[in-house]
Amino acid sequence: VQLVESGGGLVQAGGSLRLSCAASGFTFEDYKIAWFRQAPGKEREFVAAISRSGGGTYYGDSVKGRFTISRDNGKKTVYLQMNSLNVEDTAQYYCAADHTILTDPPKRDPSSYEYWGQGTQVTVSS
């Protein structure tokens, strides 16, 4: 099982980035996918989640209206489009997979997810 994040980098406040999470080694369409982030000295924070089919999405309050999660099951990839970035979005971003159904509200505890990627760094400068 492998999840590989990419697309991070340095961007100015107000800018945009698109993160990708490429999956392999498991039946991708049977898993919901979430993005989390972790800034230095802070707990890992739920960012967004998407259901197996892509029909259901949920967002953390701090990113709602600015970030969009999507998935392409044919490419076994999940995306996180991040717009209107601010310095508070600076963190290591991780994707995670879990085979249970996406609930309403979604589970935001990182321990609820089975598989994790290594992360990609996003740095927003003022």
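In what follows, the structure referred to is the one given above.
The following refers to the structure shown. Residue numbers run consecutively from 1 along every chain, following the written order of its sequence. Restriction of local features to residues with pLDDT of at least 70 applies here, the model being predicted, together with a cutoff of 80 or more for giving and counting side-chain atom pairs; totals for whole chains, interfaces and linings are based on all residues. Where side-chain values are given, they derive from all heavy atoms of the structure, hydrogens and water being excluded.

## Some words on the side chain of Ser-20
Now for step 1: Mapping Ser-20 onto the fold places it in strand 3 (residues 17-24).
Now for step 2: By relative accessible area, which is 17% here, Ser-20 ends up buried.
Now for step 3: Contact criterion: two residues are considered in contact whenever any of their non-hydrogen atoms come within 4.5 Å of each other. With sequence-adjacent residues up to four places away left out, Ser-20 is seen in contact with Val-4, Glu-5, Ser-6, Trp-35, Thr-77, Val-78 and Tyr-79. Under the scheme used here, helices are H or I runs from DSSP no shorter than 4 residues and strands are E runs no shorter than 2 residues, and both carry numbers assigned from the N terminus. Note on exposure labels: buried denotes an accessible area under 20% of the residue type's maximum, exposed denotes more than 50%, and partly exposed covers the range between, all computed with a 1.4 Å probe on protein chains only.

## Quick word on the environment of Ala-91
Now for step 1: Considering the arrangement of structural elements, one finds Ala-91 in strand 9 (residues 91-98).
Now for step 2: Taking relative accessible area as the criterion, Ala-91 reaches 3% and is therefore assigned buried.
Now for step 3: When the C-alpha atoms of Ala-91 and Gln-121 are compared, they prove to be 6.1 Å apart, with 30 residues separating the residues in sequence.
Now for step 4: Once residues lying within four places of it in the same chain are set aside, the contact partners of Ala-91 are Arg-37, Gln-38, Ala-39, Thr-120, Gln-121 and Val-122.

## Looking at unusual backbone geometry
Now for step 1: Pro-105 follows Asp-104 through a cis peptide bond whose omega is 0°.
Now for step 2: You can see Pro-105 is positioned in the loop between strand 9 and strand 10 (115-116).
Now for step 3: Not every positive phi belongs to a glycine, and Lys-76 is a case in point at roughly 55°.
Now for step 4: Within the element layout of this structure, Lys-76 appears in the loop between strand 7 (67-72) and strand 8 (77-82).

## A look at the environment of Asp-104
Now for step 1: Counting through the fold element by element, Asp-104 comes out in the loop between strand 9 and strand 10.
Now for step 2: C-alpha of Asp-104 to C-alpha of Thr-57: the two residues are 47 residues apart in sequence and 9.7 Å apart in space.

## Quick look at the sheet that holds strand 7
Now for step 1: An order of 1-3-8-7 is seen for the 4 strands of this open sheet, with the pairing classed as antiparallel. The sheet is open, and its two edges are formed by strand 1 (2-6) and strand 7, each paired on a single side. Each strand axis lies, on average, 15° off the axis of its neighbour in the sheet, ignoring direction. Pairing between strands is defined by DSSP: at least two bridges between the two strands are required. Between N-to-C directions, angles cover 0 to 180 degrees, with each direction set by a line fitted to C-alpha atoms, over the stretch in contact for helices.

## Observations concerning the pattern of salt bridges
Now for step 1: Put simply, a salt bridge is a Lys or Arg side-chain nitrogen that is within 4 Å of an Asp or Glu carboxyl oxygen. The tally for this structure, following the rule as stated, stands at 5 salt bridges.
Now for step 2: A salt bridge links Arg-37 to Asp-89; its shortest N-O distance comes to 2.8 Å. With Arg-37 in strand 4 (residues 32-38) and Asp-89 in the loop between strand 8 and strand 9, this pair connects stretches of sequence that are 52 residues apart.
Now for step 3: Residue Asp-89 is classed as buried on the basis of its relative accessible area of 1%.
Now for step 4: A salt bridge links Asp-89 to Arg-66, with the shortest nitrogen-to-oxygen separation between them at 2.7 Å. With Asp-89 in the loop between strand 8 and strand 9 and Arg-66 in the loop between strand 6 (57-59) and strand 7, this pair connects stretches of sequence that are 23 residues apart.
Now for step 5: Counted as one network, the salt bridges with shared partners bring together Arg-37, Glu-45, Arg-66 and Asp-89.

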